Amino acid sequence: MAKPLYTSAEPQRAMTQNGSKIVHAFGALADLGAEVANRSNFQDTIRTSLHLLLGSLGIMRGGVARYSRFEGELSLAAVRGLGDEFPLAFALTREDERAFLQCGTAALEVLDARDLTLLSLNGWILEAKDIELIVPLVVHDELLGMLFIGEKASGDRYSPHDKDIICAMGRHIGVAISQRNLLTELERKADETLKLYDEMRATYSDTVKAFAAAIDSKDKYTEGHSTRVGKYTEIIARELGWVEDEIEGASVAGYLHDVGKLTVERKIINAPYKIDAKESKELNRHPSVGYEILMPIHHPYADVPLAAKYHHERLDGRGYPDGLYDREIPYIAKIVNLADSFDAMTTDRPYKRRRPAHEVVEDLQKNSGLQFAPEITSALLRGILRETTGELKDKRFRRLLGREYMEAENLTPMLRHALDNIGSTQSITLSV
Ligand SMILES: [Fe+2]
Ligand SMILES: [Fe+2]
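All values derive from a computational prediction rather than experimental measurement. (Residues numbered from 1 in each chain as written. Chains lettered and ligands numbered in written order. Predicted model: local features only at pLDDT ≥ 70, side-chain atom pairs only at ≥ 80, totals over all residues. Heavy atoms only, no water.)

### Digging into the overall build of the protein
Here is the rule: Strands are runs of DSSP state E lasting at least two residues, helices are runs of H or I lasting at least four, and both sets are numbered from the N terminus onward. Each residue is placed in one exposure class: buried if its accessible area under a 1.4 Å probe, protein chains only, is under 20% of its type's maximum, exposed if it is over 50%, and partly exposed if it falls in between. Residues are treated as being in contact if the distance between any of their heavy atoms lies within 4.5 Å. In this description, accessible areas are obtained by the Shrake-Rupley approach with a 1.4 Å probe, and a residue is regarded as covered only by the protein chains that are shown.
Tallying secondary structure elements over the protein gives 18 helices and six strands in all. Scored against the burial criterion, the 432 residues of the protein give a buried share of 46%. For the protein, restricting intrachain contacts to residue pairs at least 6 apart in sequence, the fraction spanning at least 24 positions comes to 64%. As displayed, the protein has an accessible area near 23,100 Å², and 53% of this comes from carbon and sulfur atoms.

### A look at the environment of Leu419
Following the sequence through the fold, Leu419 ends up in helix H17 (residues 411-423). What makes Leu419 buried here is its relative accessible area of 16%. The contacts of Leu419, once residues within four sequence positions are left out, are Ser378, Leu381, Arg382 and Leu385.

### Overview of the nonpolar core
Generally speaking, nonpolar side chains in soluble globular proteins are found buried as a group. This is how the line gets drawn: For this analysis, a nonpolar core means a set of buried residues of the types Ala, Val, Leu, Ile, Met, Phe, Trp, Tyr and Cys, connected via side-chain atoms within 4.5 Å.
In this structure, Ile236, Phe342, Leu364, Leu380, Leu381, Ile384 and Phe397 are the most contacted members of the largest nonpolar core, which totals 50 residues. At seven residues, helix H12 (residues 331-346) tops the list of elements feeding residues into this core. Phe342 has contacts with Tyr232, Val360, Leu364, Leu380, Ile384, Phe397 and Leu401, leaving out every residue within four places of it along the chain. Ranked by size, the runner-up nonpolar core spans 26 residues in total, among them Leu50, Ala107, Ile173 and Ile177.

### Regarding the pairing of strand E5 (residues 131-139)
How we decide: We treat two strands as partners when DSSP finds at least two bridges between them.
Within E5, eight of the nine residues are buried, which leaves it mostly tucked inside the rest of the structure. Inspection of the sheet shows strand E4 (residues 108-109) paired to E5 by two bridges, in the antiparallel sense. Looking at E5, one finds that Leu108 is bridged to Ile134. Alignment of E5 against strand E6 (residues 142-150), held across eight bridges, turns out to be antiparallel. Looking at E6, one finds that Ile134 is bridged to Phe148. Between E5 and E6, which pair antiparallel and follow one another directly, the connecting turn spans two residues, one of which, His140, has a positive phi of 50°.

### Thoughts on the coordination of the iron ion (ligand 1)
Keep this limit in mind: Note on donors: an N, O or S atom is included if it sits within 2.8 Å of the metal, or within 3.2 Å for Na, K and Ca, and water is never included, so sites can look incomplete. Site shape is set this way: if four donors have all angles between 85 and 135 degrees, tetrahedral; if opposite donors are over 155 degrees apart and all others between 65 and 115, square planar for four donors and octahedral for six; otherwise irregular.
Only Asp258 (OD), His286 (NE2), His311 (NE2) and His312 (NE2) from the protein reach the iron ion (ligand 1) as donors, at distances of 2.2 to 2.3 Å. What the four donor atoms of the iron ion (ligand 1) show is an angle range of 83 to 171° at the metal, which sorts the shape as irregular. Between the iron ion (ligand 1) and the iron ion (ligand 2) the interatomic distance amounts to 3.4 Å, and Asp258 serves as a bridging ligand to the pair. Placement of the pair is Asp258 in the loop between helix H7 (244-256) and helix H8 (266-269) and His312 in the loop between helix H11 (304-310) and H12, with a sequence separation of 54 residues.

### Some remarks on the pattern of salt bridges
Short version of the rule: Note on definitions: salt bridges are taken to be side-chain nitrogens of Lys or Arg within 4 Å of carboxyl oxygens of Asp or Glu.
If you walk through the whole model with that rule in mind, you get 35 salt bridges. Notably, a salt bridge pairs Glu151 with Arg61, separated by 3.1 Å at the nearest N-O pair. Residue Glu151 is found in the loop between E6 and helix H5 (160-217), and its partner Arg61 is found in the loop between helix H2 (42-57) and strand E1 (62-68); the two are separated by 90 residues along the sequence. With respect to burial, Glu151 and Arg61 carry one shared label: buried. A salt bridge links Glu109 to Lys163; the nearest nitrogen and oxygen atoms lie 2.8 Å apart. Here Glu109 is found in strand E4, whereas its partner Lys163 is found in helix H5, with 54 residues between them in sequence. For the pair formed by Glu109 and Lys163, the shared burial category is buried. Members of the salt-bridge network, linked through shared partners, are Glu239, Arg382, Arg386, Glu391 and Arg396.

### Quick word on the sheet that holds E1
Convention followed: Angular values range over 0 to 180 degrees, each being the angle between N-to-C directions of two axes fitted as lines to C-alpha atoms, with helices fitted over their stretch in contact.
Taken in spatial order, the six strands of this open sheet run E3-E2-E1-E6-E5-E4, and their pairing is antiparallel. In the strand order of this sheet, the two ends are held by strand E3 (89-91) and E4, each with one partner. Taken together, the five bridges between E1 and E6 define a ladder with antiparallel strand orientation. Within E6, the residue paired with Gly62 across the bridge is Ile149. Sitting on the sheet, helix H4 (residues 117-128) is in contact with strand E2 (73-80), E3, E5 and E6, with an inclination near 150° to E3.

### Observations concerning the pairing of E1
The element E1 is largely enclosed, with a buried count of five among its seven residues. Here seven bridges tie E1 to E2, and the two strands are oriented antiparallel to one another. Within the sheet, the bridge partner assigned to Ser68 lies in E2 and is Glu73. Here E1 folds back onto E2 in antiparallel fashion, the turn holding four residues, of which Gly72 has a positive phi close to 60°.

### Observations concerning the packing of H2 against H5
Our working rule: When describing relative orientation, an angle under 35 degrees is termed roughly parallel and one over 145 degrees roughly antiparallel, while 65 to 115 degrees is termed roughly perpendicular and anything else oblique.
Two numbers describe how H2 lies on H5: the axes approach to 11 Å, and their chain directions differ by 180°. By the criterion of interaxial angle, the relationship of H2 to H5 is roughly antiparallel. Contacts from Phe42, Thr45, Ile46, Ser49, Leu53, Ser56 and Leu57 of H2 reach H5 at Asp162, Ile165, Ile166, Met169, Ile173, Ala176, Ile177 and Arg180.

### What to know about the packing of helix H6 (residues 225-239) against H12
As a reminder of what qualifies: Should the near helix be turned anticlockwise from the far one by less than a right angle, the crossing is termed left-handed; should it be turned clockwise, right-handed. All residues other than Ala, Val, Leu, Ile, Met, Phe, Trp, Tyr, Cys, Pro, Asp, Glu, Lys and Arg, Gly among them, are scored as polar; the first ten of these are nonpolar and the last four charged.
At a minimum axis separation of 9 Å, H6 and H12 run at an interaxial angle of 125°. By the angle class used here, H6 and H12 are oblique. Of the two elements, H6 crosses H12, and the hand of that crossing is right-handed. Contacts between H6 and H12 involve His225, Arg228, Val229, Tyr232, Thr233 and Ile236 from the first element and Ile335, Val336, Leu338, Ala339, Asp340, Phe342, Asp343 and Thr346 from the second. For the contact of H6 with H12, the class distribution of residues is eight nonpolar, three polar and three charged.

### So, the state of the cysteines
So the rule is basically this: Whenever a pair of cysteine sulfur atoms sits within 2.5 Å, that pair is classed as a disulfide.
Under the counting rule described, the total for this entry stands at zero disulfides. In this structure Cys103 is not part of a disulfide, and its nearest cysteine sulfur, from Cys167, lies 9.3 Å away. Since its relative accessible area comes to 7%, Cys167 is described here as buried.

So, to be careful, I would describe these as geometric facts and stop short of saying anything about function.
Structure follows, in structure tokens:
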């Protein structure tokens with residue numbers, strides 16, 4: 001009678017050993033899944049994954065390589081026990097890539113894969129390091145990397161069951177590499193889009209400024225008017241606490257508010273005398289013409305045409321072109337109106353010199369609630385005050401108005417007084 005393969009206790013022991021191996025492998029796989037899901041540090045993920053894989057099957061050494069199709073190269077991302085002399089990268093031919101893709105994530109015995117160029121060129125170093133298996137990491141028909149698996153500590157050969165475990169773990173590592181590649185590609189595209197957006201934004205901003213210069217060149221007496229209004233509008237919007245995009249939009253509205261003047265006759269704009277009713281009518285068309293010019297253009301900030309159309313409206317309804325009252329006037333137009341008037345008061349005109357600082361502050365205070373919206377007037381005065389008190393280091397008004405103007409006697413107390421008074425002003429619509 002043939003001797004049984006096992007004594008009565010042996011099958012039991014073999015089954016228990018196999019069971020604990022499976023439990024152990026599943027545990028490692030679960031750990032690996034958790035590690036792959038944690039995307040905080042890719043390098044750490046790959047290193048830990050390799051250690052889990054080697055540890056779960058008692059493997060002495062191994063490595064994980066990433067494949068770059070562009071460079072035709074497998075570069076080692078993590079290694080253990082391979083020594084310094086193990087190459088950091090292996091060239092991979094397209095033929096080898098195709099062969100790996102055909103077999104998918106399967107463990108190949110190094111000894112059986114000598115036909116591959118990778119092995120014919122590097123077989124000696126793999127053998128010197130006792131690499132027994134290579135496992136291509138294939139996800140969605142794309143070769144993403146390779147596992148190099150050394151010998152088992154027990155000296156046993158790899159069983160089909162061991163290979164299944166290695167391949168399952170290899171697929172996890174492949175997914176981690178795939179995720180990383182996608183993320184890198186996404187970041188690259190996001191960077192590119194951001195760069196493109198910045199370039200477009202800069203081009204838009206330059207175009208707006210060039211337009212403002214073109215508008216200003218028509219008026220020899222108010223040189224730089226549109227540019228200054230753009231800057232005052234920006235300052236006011238900032239003082240009002242607007243966010244960056246809104247501030248940028250407000251400044252564009254300021255730069256372009258007088259674009260309609262491009263169609264007004266030069267001699268009317270440059271008249272060194274007070275123009276007559278007919279000429280005034282012609283000049284007063286510029287807000288509506290500006291609106292017509294700006295309306296068909298797709299601005300990143302929707303209110304730009306409205307600022308051009310209504311920047312000569314007043315809260316008390318005595319403005320033009322439509323004689324709108326306070327709440328009917330778009331907010332941006334109220335800001336531009338103040339910036340526009342402030343520039344008119346603080347620069348020399350053909351028929352009058354610029355007004356001294358104290359007169360301007362008085363005028364703004366007096367007209368707050370009639371022509372100007374109180375909170376917008378306060379924002380402008382607060383901006384000047386923050387500069388005269390030294391709270392703001394950026395000398396925005398000094399650059400626009402000159403040092404002397406900003407150092408006018410008693411300007412700081414005057415601004416404080418005006419701000420106190422305006423604080424209690426109500427706009428015209430609210431008081432009727
Ligand atoms: Fe205007
Ligand atoms: Fe203007």
